[in-house]
Amino acid sequence: MFLLLVFHSKLRKLAFIPAVLFVICSLLLRLYVPIEKNADYGGYANFMFEEYHFQWKAIFSEPYFPLILNTLFKYTQDWKESLNGMYLINFVFSLIFYIWLAYRKNIKYWIKLIFFVFSYTLLTYTVLRNSPAYFLFGFLAYYLLLGKKFWAGYLGFLTHASALPALAATFLGFGKPTYKQFLLILLGALVFSSLLSLPYFSHITNRLDTYTDTNVADKYGVSIFHKLYLVMIIGLTLLIYKYKKTAVYNNFYCAIFLIYLILYFLNPVMAFRFSYYIIIYIVIYPFYGKLKYDKILNMVFSIVLGFVFYNIFFGSHFDLTLLK
């Protein structure tokens, strides 16, 4: 938990030391914990590893994972080693993102802390295709909010197609929506939904069909959790609207929030995966200002969330008795 020290602005002059310790401890943990123990490893291991040849017509079919995996296979000649290499690459991307996040002075300590605790294990150890898309989107949204550009952020759709509507929404800007812009947002959401019928997006529709199959609903985790998560997203939006209206009452947020609602009624699992673009945007939004209870929240979350992080990490891995 050395990164927590980096998060705290008062320790910024000494932040280099805990940042280095965080990298070392994270690397040791990554090397010590068997990759095969991860909860999602079986899903990736069962992937039909076939020779992959990139084609420009398949640019929207998430080429990142099979392209890198096949490239690694050419050197290792072993699919298991190649898959493990993908986990290590994802681990490096994760370190870069979380250390970058830790050094953002205009993002509150306790907000960064909450996001780190509840997302680090998922984005670093569990998902492979989604994580780079989330990270690139985080960089992009942050710099766009500051009036800067981060063109590499628009490559997120190469790793996961869920980034497409979020990236498209950035072109709407962050200004206060007007009646015409509301109609444009609604039209854009409908156009995106209709585009899913094209062959280029067949992998998305096939996944949607799988998620909506009642025979496999339990396997993919469709449960009361997703209803509670919907309530949380709506409640969080209303709370932020009360204290910082411009953060959520803008063209971009209205668009991705509408897309989230549409996806929820199509399938809660897909909505949950898309919701990370909402969560990351809320986390990296740099203009919340001071709150009355900031110091109390910093102290309480620093103590409580350490235990939460421990439980989340072990909950996402199978049989890590050697670490207990």
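What you see is a predicted model; the values in this text were computed from it and never measured.

S.K.: Where do I start with the pattern of salt bridges in this structure?
M.R.: Where charged atoms from two side chains of opposite charge come close, those side chains can pair. Considering all chains together, one arrives at two salt bridges under this definition. Here Lys 80 and Glu 36 are joined by a salt bridge, their closest N and O atoms 3.4 Å apart. Here Lys 80, found in helix α5 (residues 79-102), pairs with Glu 36, found in the loop between α2 (16-32) and α3 (41-45); they are 44 residues apart in sequence, far enough to count as distant. By relative accessible area, which is 46% here, Lys 80 ends up partly exposed. We note a salt bridge from Glu 62 to Arg 129, for which the minimum N-O separation is 2.7 Å. Here Glu 62, found in the loop between α3 and α4 (64-76), pairs with Arg 129, found in the loop between α6 (109-126) and α7 (130-145); they are 67 residues apart in sequence, far enough to count as distant. Each of the two residues, Glu 62 as well as Arg 129, counts as buried.

S.K.: Help me understand the packing of aromatic side chains, please; the structure alone is not making it clear to me.
M.R.: Centre-to-centre distance and the angle between the planes together describe a pair of aromatic rings. In this structure the tally under the stated criterion is 38 aromatic pairs. Each ring, one from Tyr 98 and one from Phe 135, has its centre 6.2 Å from the other, and the planes form 75 degrees; the classification is edge-to-face. Taken together, the residues Tyr 98 in helix α5 and Phe 135 in helix α7 connect sequence positions 37 residues apart. Assigned by exposure class, Tyr 98 and Phe 135 land together as buried. Considering the side-chain rings of Phe 174 and Phe 252, the 5.4 Å spacing of their centres and the 50 degrees angle between planes classify their relative orientation as tilted. Of this pair, Phe 174 sits in the loop between α8 (163-170) and α9 (179-195) while Phe 252 sits in helix α13 (residues 251-266), and the two are 78 residues apart along the sequence.

S.K.: Would you mind showing me how to read the nonpolar core here?
M.R.: The nonpolar side chains of a soluble globular protein tend to be buried with one another. The biggest cluster of nonpolar side chains holds 81 residues, and the ones touching the most others in it are Phe 115, Tyr 260 and Ile 284. Beyond its immediate sequence surroundings of up to four residues, Ile 284 is in contact with Trp 100, Leu 101, Ile 107, Gly 138, Ala 141, Tyr 142 and Leu 145.

S.K.: Explain the environment of Ser 61 to me, please; I cannot follow it from the model alone.
M.R.: Structurally, the position occupied by Ser 61 is in the loop between α3 and α4. Put simply, Ser 61 and Thr 159 are 98 residues apart on the chain and 8.6 Å apart in space, counted from C-alpha to C-alpha.

Rules behind the numbers
- Residues numbered from 1 in each chain as written.
- Predicted model: local features only at pLDDT ≥ 70, side-chain atom pairs only at ≥ 80, totals over all residues.
- Heavy atoms only, no water.
- Salt bridge = Lys/Arg side-chain N within 4 Å of Asp/Glu carboxyl O.
- Helix = DSSP H or I, 4+ residues; strand = E, 2+ residues; numbered from the N terminus.
- Buried < 20%, exposed > 50% of the residue type's maximum accessible area, 1.4 Å probe, protein only.
- Phe/Tyr/Trp six-rings, centres within 6.5 Å; stacked < 30°, edge-to-face > 60°.
- Core = buried A, V, L, I, M, F, W, Y, C linked by side-chain atoms within 4.5 Å.
- Contact = heavy atoms within 4.5 Å.

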